[in-house]
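Residues per chain, in single letters:
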Amino acid sequence: MQAKAWFAEAEAASNKEGGHLWGKKLYGAVLFVDPETRAVVANEPDPEGVLHASDGVYVGSLPKEIIVSNAPTEWQGKRWTMLLWPTIPTNAIDRRVIFAHELFHRIQPGLGLMAQDSPNLQLDTAEGRLWLQLEWRALAAALVEQGPGQTQAIRDALAFRSHRHELFAGSAQTEASLEIAEGVPEYTGTIVGEPDRDSARWRAIGKLSDPDQSITFVRSFAYTSGPPYGLLLDSRLPGWRTKLSAQSDLSALLASTLPPHATVSAEARASLYGAAAIRVAEAERAQKAEAAKARYRARLVEGSTLLLPGKKLAFSFNPSALVSLGDATVYPTFHATAEWGTLDVTDGVLVPTDFSHATVAAPKDIQGPHLEGPGWTLDLAAGWRVVPGARAGSYTLAKE
């Protein structure tokens, strides 16, 4: 059975790491789930016996109210690592990286590292993306260089980062927070999944030097930034992990390793890292992205809509496909459950940064428990119905 072999592989990777990074072993309760059928294979029995033993694993079907995603989940009073079958890589190293990343999320609360996971909408702008990619290129140089060369590259990376934060108020805190929430798990995955630290270093260099330009960096940036900051801190600030908290800033920790020096000019150093070519690429991307933003704006802001209250909203989404509309984010694909029912989105839901509600295009018909609209379906829970909203032609959900 493939699941059994993967459980063994994840446990072997955890045993090899031995709790050195965080003082705790990563391996624990794991669920492999098929998102289409909700069929599940677990490495441990569930407390209530929903799953049954079969050839050394536990199989069954995951209850409908449980959100399926690559994320930790609380089920029957137990915290599990959940992984979706279709997203598990066929490449052994990539597979171990994602295993370790997701296993870390299971122990993250006990480490006091549950930082706020907020979208960084500035990273969907041409300027935000430019200065982020310059920071990444300088971090790549720092991982290649040693001695004074490494120190200069770190200064450059931090100068580019600081310049970005000057352009976008509040971004220093939200970026640092997401790097703890997702960047630290990815650093852990990289260290554990690769055969040795030099391999981990070159993996990080590759991702910094050649990022996927087709995706948004609003949330995915932390997966690229986390490993290099962690690797550099390992060599320059031993013991940093023992002092880490949910409020920590990886860049500030790295800055603390630098000797006093005159201020570095981000604008003056940018050309050395190919800023001109990045600007051209980002201008082209922005032009293409504007068409998608206009379509979503017309549908989810200016058009008739259905508002779903966000209280106790549990959801999953693709972090690489987010679209910023200023103070809110469009999630092109989205699956959510709440007290009002279950929502499946295949083409756009608008969610503000405080997650207070979600907005989809108005339904075709407001009668019945099953509703459909452009790019979405909704199965209402008992006691909920669609009522007219504050704006003519729009609707909201209300409890009877």
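You'll find the structure just up there.
Parameters and conventions
- The residue count restarts for each chain, going from 1 along the sequence in the order it is written.
- Confidence filtering applies because this is a predicted model: local features only for residues at pLDDT of at least 70, side-chain atom pairs given and counted only at 80 or more, and all residues used for totals across whole chains, interfaces and linings.
- As a rule here, side-chain values come from all non-hydrogen atoms in the structure, and water together with hydrogens is ignored.
- The helix and strand labels rest on DSSP assignments: H or I over at least four residues marks a helix, E over at least two residues marks a strand, and numbering proceeds from the N terminus.
- Only protein chains enter the calculation, and the probe is 1.4 Å; a residue is then buried if its accessible area is under 20% of its type maximum, exposed if over 50%, and partly exposed in between.
- What we call the bend at a residue is the angle made by axes fitted to the seven residues finishing there and the seven residues starting there.
- Strand pairing requires that DSSP identify at least two bridges connecting the strands.
- Fitted lines through C-alpha atoms serve as axes, helices being fitted only where they are in contact, and the angles separating the N-to-C directions of these axes extend from 0 to 180 degrees.
- The contact criterion used is simple: two residues touch if any of their non-hydrogen atoms lie within 4.5 Å.
- Every case where a carboxyl oxygen of Asp or Glu lies within 4 Å of a side-chain nitrogen of Lys or Arg is listed as a salt bridge.
- Buried Ala, Val, Leu, Ile, Met, Phe, Trp, Tyr and Cys residues that are joined via side-chain atoms within 4.5 Å together make up what is termed a nonpolar core.

Draft legend 1. Spotlight on unusual backbone geometry. Residues other than glycine seldom take positive phi values, yet Arg-38 does so here, at roughly 65°. Structurally, Arg-38 can be placed in the loop between strand E1 (30–33) and strand E2 (39–42). Assessed through its relative accessible area of 15%, Arg-38 is described here as buried. The phi dihedral of Gln-76 is positive, around 60°, even though this residue is not glycine. Structurally, Gln-76 is set in the loop between strand E5 (71–75) and strand E6 (78–84).

Draft legend 2. Geometry of helix H10 (residues 275–302). Within H10, the axis deviates most sharply at Tyr-296, by approximately 25°. Turning to H10, its buried residues number three or more, namely Ala-275, Ile-278, Glu-282, Arg-285, Lys-293, Tyr-296 and Leu-300.

Draft legend 3. Representation of the sheet that holds strand E4 (residues 57–61) in the model. Within the open sheet, the six strands sit side by side as E3-E4-E2-E1-E6-E5. Their pairing is mixed. The open sheet has two edge strands, strand E3 (52–54) and E5, and neither has a second partner. If you compare each strand with its neighbour and ignore which way they point, the axes differ by 35° on average. Strand contacts of helix H1 (residues 2–17): E1, E2 and E4, with the helix running at about 145° to E1, the strand carrying the most contacts.

Draft legend 4. Examining the pattern of salt bridges more closely. Taken as a whole and assessed by the stated rule, the structure comprises 24 salt bridges. We note a salt bridge from Arg-285 to Asp-124, for which the minimum N-O separation is 3.6 Å. On the criterion of sequence distance, the pair formed by Arg-285 in helix H10 and Asp-124 in the loop between helix H2 (92–107) and helix H3 (126–144) is long-range, its members being 161 residues apart. We classify Asp-124 as buried; its relative accessible area is 8%. Salt bridges sharing common partners tie together Glu-135, Arg-161, Arg-164, Glu-175 and Glu-179.

Draft legend 5. Summary view of the nonpolar core. Ranked by size, the top nonpolar core spans 73 residues in total, and within it Trp-22, Phe-32 and Leu-134 carry the most contacts. Here the element with the most residues in this core is H3; it accounts for ten residues. Here Leu-134 is in contact with Phe-160, Ala-270, Tyr-273, Ala-275 and Ile-278, once residues within four sequence places are set aside. Counting 25 residues, the second largest nonpolar core, distinct from the first, contains Val-218, Ala-336, Val-360 and Trp-384.

Draft legend 6. Main features of the pairing of strand E11 (residues 334–338). The element E11 is largely enclosed, with a buried count of five among its five residues. Pairing geometry for strand E8 (residues 314–317) and E11, over four bridges, is antiparallel. When the sheet's bridge partners are listed, Phe-317 is paired in E11 with Phe-334. With five bridges joining them, E11 and strand E12 (residues 341–345) adopt antiparallel strand pairing. Across the sheet, the residue bridging to His-335 is Asp-344, located in E12. Joining the antiparallel neighbours E11 and E12 is a turn of two residues.

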